Amino acid sequence: MIDIQNVSKRYGDAVAVQDLSLTIPRGEFTVLIGGSGSGKSTTLKMINRLIEHDSGRILFNGEEIRRFRPEEIRRRMGYAIQSTGLFPHWTVGRNIATVPQLLGWPAARIAARVDELLHLLGLPPDEFRERRPHQLSGGQQQRVGVARALAADPEVLLMDEPFGALDPITRGALQEEMRRVHRRSGKTIVLVTHDIDEALGLATRLVLLDQGRIVQAGTPAELLTRPANDFVRDFLGRSERGIKLLGLQTVASRLRPGETAEGEPLQAEGSLREALSQFVAHGSERLPVVDAHGRPAGALHFADLLRPAA
Amino acid sequence: MNRPRGAALPWPAAGDRRARGGLAAAPNRVLLVLVLASAAAAFGLPLLTQAPNRLVTGTGIGLGALLHGPRLALLLPAAALLWSVFLRPGRVQLLWTAGWASAWLAGLVALAGSHAAAVDSGRTSFGGGFWVLAVLAWLIAADAVQRLRPGVLARTLGLAAVLSPVVVLALSGALDGLSLFKEYANRQEVFDAALGRHLQIVGLTLAATLLLGVPLGVLAHRRPAFGGPLVALLNIVQTVPSIALFGLLMAPLAALALAWPGLGIGGVGLAPAVVALTLYSLLPVVQGTLTGLRELPPAVLEAAIGMGLTPRQVFWRVEVPLALPLLLSALRLTTVQAIGLAVVAALIGAGGLGAIVFQGLLSSAIDLVLLGVLPVVAFAVVADAVFALLGAWVQRTRP
């Protein structure tokens with residue numbers, strides 16, 4: 001979908017991105033992660049030409065992005081940023097309609113799309129359509145920001161630390177929302193963050209950057225189980241690596257169907273990290289598991305946490 | 001006028017309100033001072049002056065000598081205002097105060113008109129006492145309206161309502177005996193022409209300021225290397241006294257007129273007046289535009305560009321609407337300034353209400369000066385209110 005080939009970007013003497021090559025496959029949720037100055041935001045902004053790269057090539061669907069007018073390529077890629085950048089003088093509805101309007105959609109189609117997106121992001125359309133951005137909470141503003149980025153059904157969604165300014169609970173809810181959006185739409189998403197837990201929770205592909213170069217790229221599990229070097233190990237949290245790994249897997253993946261056990265039940269859709277916490281908290285080695293409807297599904301043994309996935 | 005909400009004049013603290021029978025233990029101090037000053041002015045200064053003709057200094061007539069018969073009704077608003085000092089603070093007291101201040105002001109004006117009509121010879125003019133009382137009455141009313149914490153529209157309408165009885169009196173012919181109105185009757189045509197010219201000068205200045213100032217402000221924003229020197233230059237222009245600037249423009253404009261007679265401009269008259277006033281107006285408008293654009297949240301611009309708005313769309317759909325409130329407040333400033341400065345432009349033959357003012361000054365006819373000055377003040381107040389309303393309207397949906 002997007003092919004970054006040997007791209008570099010410098011500001012005066014400072015190198016922001018150095019000879020970086022990265023393929024972003026269609027339908028993947030790619031998370032670029034790194035500390036400040038790692039070049040992750042620069043890389044993202046070079047994709048929609050908010051920043052022009054100095055050398056190398058960036059291909060979008062096989063075509064060099066410089067062949068397009070910048071506006072054209074940007075309208076085909078949704079864009080959401082940390083401080084939302086909602087237009088304060090427009091209603092929520094008009095904000096979301098920005099790109100469809102630029103593309104000249106008929107009014108009825110725009111109106112339907114706005115309502116659909118408000119609904120998708122958990123904002124009742126009749127209540128929120130006519131509100132102004134300043135009348136919304138931070139989390140609601142960011143939902144509108146995401147809805148606006150998705151409005152014209154873009155081929156790619158670019159997100160620059162979209163949840164960085166939110167409180168942990170709101171952030172968690174929006175991350176869940178993004179997972180759902182990705183599952184339902186299968187859209188190609190590129191997200192920049194410095195929060196490793198956010199990255200592990202969202203990414204299907206994780207790209208760790210440092211000083212303008214890629215240190216390691218792969219699935220979250222690959223980075224956790226086979227870190228390329230000490231930098232990766234440190235970044236992922238040396239002592240918590242095992243716990244983070246458990247966070248990537250569901251109880252359902254280790255479930256012993258049909259078995260029963262005593263105690264407070266675990267959710268089959270919950271992560272093994274939560275299960276570990278329950279085992280320790282209850283001082284128990286076996287706990288029952290229930291499915292999404294609360295029906296008994298089986299049991300999980302403490303030792304199952306160490307067993308490779310079935 | 002633009003006192004931020006919440007920073008209102010000192011209310012008596014809540015604990016001071018030991019309200020019994022509607023009376024406040026701690027009276028409103030501002031109102032008390034204004035009422036006491038009014039009482040002093042009413043007794044100490046002549047309300048009107050009476051002179052046989054324009055050249056002789058008139059003799060003063062105090063309020064006491066004027067009050068008899070039905071005119072004693074004027075004591076009613078005076079007593080009501082005095083009473084309002086001791087009323088319990090609140091909406092009712094404020095409306096009561098504003099209403100009676102308006103009645104008091106109208107009563108004073110009506111009294112003057114009635115006296116002038118009764119004398120029917122010589123010149124009856126407003127004296128020092130009248131002006132002091134009128135200003136104090138206005139302050140009492142404006143303070144009361146302000147304390148009601150109205151929105152911009154409500155405040156404008158409220159202040160207009162306070163003044164409306166005086167306007168009705170002036171239009172009804174009840175004041176025609178006053179020398180000010182006699183001067184107007186004598187020179188109605190001159191006055192109308194001067195007013196028209198004044199409007200023309202201000203209108204042309206406003207148009208030229210918009211056409212030049214806004215693009216210059218945008219340019220200064222986009223090219224800081226150009227913006228710095230431009231603002232510095234306009235700052236220097238601001239410091240040149242208006243009369244000197246008018247003079248300085250005479251020579252180049254006269255030369256221009258000689259070179260291209262077809263332009264219809266000259267070294268004196270309308271052209272230098274509009275050019276000079278425009279030069280004065282440019283700084284606030286350039287700076288207002290510049291600041292309005294500069295203070296846009298960077299995230300809003302990044303989002304706009306990132307979503308694929310063209311530079312032109314970013315400008316018209318995002319930058320202009322968001323910078324508009326600051327531009328409007330700059331225009332409000334320059335318009336009021338231009339209305340006042342246009343008076344001076346009469347000295348270089350531009351005409352306008354200034355011509356009447358200077359004619360009055362040269363012939364020591366204070367009424368004639370007033371005939372020129374009062375419309376200028378009224379014009380400025382109205383322009384200020386119009387821009388305030390416009391500003392509130394474009395901001396109606398903002399935080």
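Residues numbered from 1 in each chain as written. Chains lettered and ligands numbered in written order. Predicted model: local features only at pLDDT ≥ 70, side-chain atom pairs only at ≥ 80, totals over all residues.

Q: Break down the overall build of chain B for me, with residues and values.
A: Looking only at helices and strands, one finds 15 helices and three strands in chain B. If one aligns the C-alpha atoms of chain B with their principal axes, the spans along those axes are about 75 × 60 × 30 Å. Buried residues in chain B amount to 37% of all 399 residues. (Helix = DSSP H or I, 4+ residues; strand = E, 2+ residues; numbered from the N terminus. Buried ≥ 20, exposed ≤ 12 C-beta atoms within 10 Å, placed from the backbone.)

Q: Give a detailed account of the domain arrangement of chain B, specifying residues and quantitative values.
A: Residues and elements named next belong to chain B. By domain assignment, chain B separates into domain 1 (14-176) and domain 2 (188-394). Averaged C-alpha coordinates put domain 1 and domain 2 at centres separated by 35 Å. Each partner contributes to the interface: domain 1 provides six residues, whereas domain 2 provides seven residues. Here the element with the most residues in the side of domain 1 that touches domain 2 is helix H6 (residues 152-172); it accounts for three residues. Taken together, the residues that form the side of domain 1 that touches domain 2 break down as two nonpolar, three polar and one charged. (Domains from an automatic or database assignment. Contact = placed C-beta atoms within 7 Å. Nonpolar A, V, L, I, M, F, W, Y, C, P; charged D, E, K, R; others polar.)

Q: Tell me what's going on with the packing of helix H3 (residues 75-84) of chain B against helix H4 (residues 91-119) of chain B, and back it up with residues and numbers.
A: All names here are of chain B. At a closest axis distance of 9 Å, the pairing of H3 and H4 adopts a crossing angle of 150°. Put simply, H3 runs roughly antiparallel to H4. H4 is crossed by H3, and the crossing has left-handed handedness. On H4, the residues touching Pro77, Ala78, Ala80, Leu81 and Ser84 of H3 are Gln93, Trp96, Thr97, Trp100, Ala101, Ala103, Trp104 and Gly107. (Axes fitted to C-alpha atoms, helices over the stretch in contact; angles between N-to-C directions. Parallel < 35°, antiparallel > 145°, perpendicular 65-115°, else oblique. Left-handed = near helix turned anticlockwise from the far one by under 90°.)

Q: So what's going on with the sheet that holds strand E7 (residues 156-160) of chain A? Residues and values would help.
A: All names here are of chain A. Sheet architecture is open: six strands sit in the order E6-E7-E8-E3-E9-E10, paired in mixed fashion. Two strands bound the open sheet, and with one partner strand each, they are strand E6 (77-81) and strand E10 (213-218). Pairs of neighbouring strands in the sheet enclose a mean axial angle of 15°, with direction left out of account. Alignment of strand E9 (residues 205-210) against E10, held across five bridges, turns out to be antiparallel. Bridge assignment links Leu206 to a residue of E10, and that residue is Gly218. Where helix H1 (residues 40-47) meets the sheet, its contacts fall on strand E3 (29-33), E7, strand E8 (188-193) and E9, and the angle it forms with E8 comes to roughly 150°. (Pairing = 2+ DSSP bridges.)

Q: For the interface of chain A and chain B, give the residues involved together with the corresponding values.
A: When the parts come together, some accessible area is lost, and that loss is often what is quoted as the size of the interface. Listed as interface residues are 18 residues of chain A and, on the opposing side, 16 residues of chain B. Elements with a contribution of two residues or more to the side of chain A that touches chain B: helix H2 (70-75), E6 and helix H4 (98-102) of chain A. Of the residues belonging to the side of chain A that touches chain B, the class tally is seven nonpolar, seven polar and four charged.

Q: How would you sum up unusual backbone geometry? Please name residues and give values.
A: Residue and element names in this part refer to chain A. With phi around 65°, Arg49 is a residue other than glycine that occupies positive phi space. Of note, Arg49 is situated in the loop between H1 and strand E4 (55-60). Given 21 C-beta atoms within 10 Å, Arg49 falls into the buried group. One non-glycine residue, Asn61, lies in positive phi territory at about 55°. When you line up the elements, Asn61 lands in the loop between E4 and strand E5 (63-64).

Q: Tell me about the sheet that holds strand E13 (residues 286-290) of chain A, and please be specific about residues and values.
A: Residues and elements named next belong to chain A. Ordered by their spatial adjacency, four strands build an open sheet running E11-E14-E13-E12, and the pairing between neighbours is mixed. Edge strands, defined here as strands with exactly one partner in the open sheet, are strand E11 (256-257) and strand E12 (266-267). One ladder, built from two bridges, connects E12 with E13; its direction is parallel. Residue pairing for E13: Leu266 is matched across the bridge by Val289.

Q: Give me the lowdown on the environment of Ile4 of chain A, citing residues and values where you can.
A: Residues and elements named next belong to chain A. Relative to the elements of secondary structure, Ile4 occurs in strand E1 (residues 2-11). As for Ile4 and Gly56, which are separated by 52 residues in sequence, their C-alpha atoms are 7.8 Å apart. The contact partners of Ile4, leaving out residues within four places of it in the chain, are Leu20, Ser21, Leu22 and Ile58.

Q: How would you summarise the domain arrangement of chain A if you had to cite specific residues and measurements?
A: Segmentation of chain A into domains returns domain 1 (2-244) and domain 2 (249-306). If you average the C-alpha positions of domain 1 of chain A and of domain 2 of chain A, the two centres end up 34 Å apart.

Q: Before we move on, can you summarise the environment of Arg123 of chain B with the specific residues and values?
A: Residue and element names in this part refer to chain B. Within the element layout of this structure, Arg123 appears in strand E3 (residues 123-126). Classification of Arg123 by C-beta neighbours within 10 Å gives buried; the count is 23. Along the backbone, Arg123 and Pro325 are 202 residues apart, and their C-alpha atoms lie at a distance of 48 Å. If we ignore the near neighbours within four places in the chain, the residues touching Arg123 are Ala51, Asn53, Arg54, Gly58 and Ser179.

Q: Got a sec to walk through the nonpolar core? Specific residues and values, please.
A: In a soluble, globular protein the nonpolar side chains are often hidden away together inside. Formed by 162 residues in total, the largest nonpolar core has its most connected members in Val31 of chain A together with Ala101, Ala273, Ala342 and Ala345 of chain B. Here Ala273 of chain B is in contact with Ile201, Ala342, Ala345, Ile348 and Ala350 of chain B, once residues within four sequence places are set aside. Within the second largest apolar cluster, 11 residues are counted, among which are Val251, Leu287, Val289 and Leu300 of chain A. (Core = buried A, V, L, I, M, F, W, Y, C linked by C-beta atoms within 7 Å.)

Q: Give a description of the pairing of strand E1 (residues 48-51) of chain B that names residues and reports values.
A: With three bridges joining them, E1 of chain B and strand E2 (residues 59-61) of chain B adopt antiparallel strand pairing. What sits directly across from Thr49 of chain B, in E2 of chain B, is Gly60 of chain B.

Q: So what about the pairing of E4 of chain A? Which residues, and what values?
A: Residue and element names in this part refer to chain A. Across five bridges, the pairing between E1 and E4 is antiparallel. Note on E4: the bridge partner recorded for Gln5 is Arg57. Alignment of E4 against E5, held across two bridges, turns out to be antiparallel. What sits directly across from Leu59, in E5, is Glu64.

Q: Describe in detail the confidence of the model for chain B, supporting the description with residues and values.
A: With 91% of its residues at a pLDDT of 70 or more, chain B has an overall mean of 85. Low pLDDT, under 50, characterises residues 1-22 of chain B; the stretch is placed with 23 contacts to residues that sit more than four places away or in other chains. (pLDDT = per-residue confidence, 0-100.)

Q: Give me the lowdown on helix H7 (residues 138-150) of chain A, citing residues and values where you can.
A: Residue and element names in this part refer to chain A. For H7, which comprises 13 residues, the first-to-last C-alpha distance of 19 Å matches the rise-based estimate of 18 Å (1.5 Å per residue) to within 8%. By the burial criterion, the buried members of H7 are Gln141, Gln142, Arg143, Val144, Gly145, Val146, Ala147, Arg148, Ala149 and Leu150. Where H7 is buried, its residues touch E6, helix H3 (92-96), H4, helix H5 (107-120), E7 and helix H8 (168-185). (Expected span 1.5 Å × (residues − 1).)

Q: Quick rundown of the packing of helix H1 (residues 29-44) of chain B against helix H5 (residues 128-147) of chain B? Include the residues and the values.
A: Residues and elements named next belong to chain B. Packing of H1 against H5 leaves a shortest axis separation of 9 Å and a crossing angle of 165°. Taken together, the axis directions place H1 and H5 in an arrangement best described as roughly antiparallel. Taken as a pair, H1 and H5 cross one another with a handedness that is left-handed. Across the interface between the two elements, Val30, Leu31, Leu34, Ala37, Ser38, Ala41 and Ala42 from H1 touch Gly129, Val132, Leu133, Leu136, Leu139, Ile140 and Asp143 from H5.

Q: Describe helix H12 (residues 298-306) of chain B, listing the residues and the values that go with them.
A: Of the positions making up H12 of chain B, those classed as buried are Val300, Ala303, Ala304, Ile305 and Gly306 of chain B. Summarising the contacts, the buried residues of H12 of chain B are in contact with H2 and E6 of chain A together with helix H13 (311-344) of chain B. The positive-phi residue at the C-terminal boundary of H12 of chain B is Gly308 of chain B, with phi of around 100°.

Q: How would you explain the environment of Ala350 of chain B if you had to name every residue and give the values?
A: Residue and element names in this part refer to chain B. Note that Ala350 resides in the loop between H13 and helix H14 (353-362). For the pair Ala350 and His198, spaced 152 residues apart in the sequence, the C-alpha separation amounts to 8.7 Å. Leaving out residues up to four positions away in the same chain, Ala350 has contacts with Ile201, Gly269, Leu270, Ala273 and Ala345.

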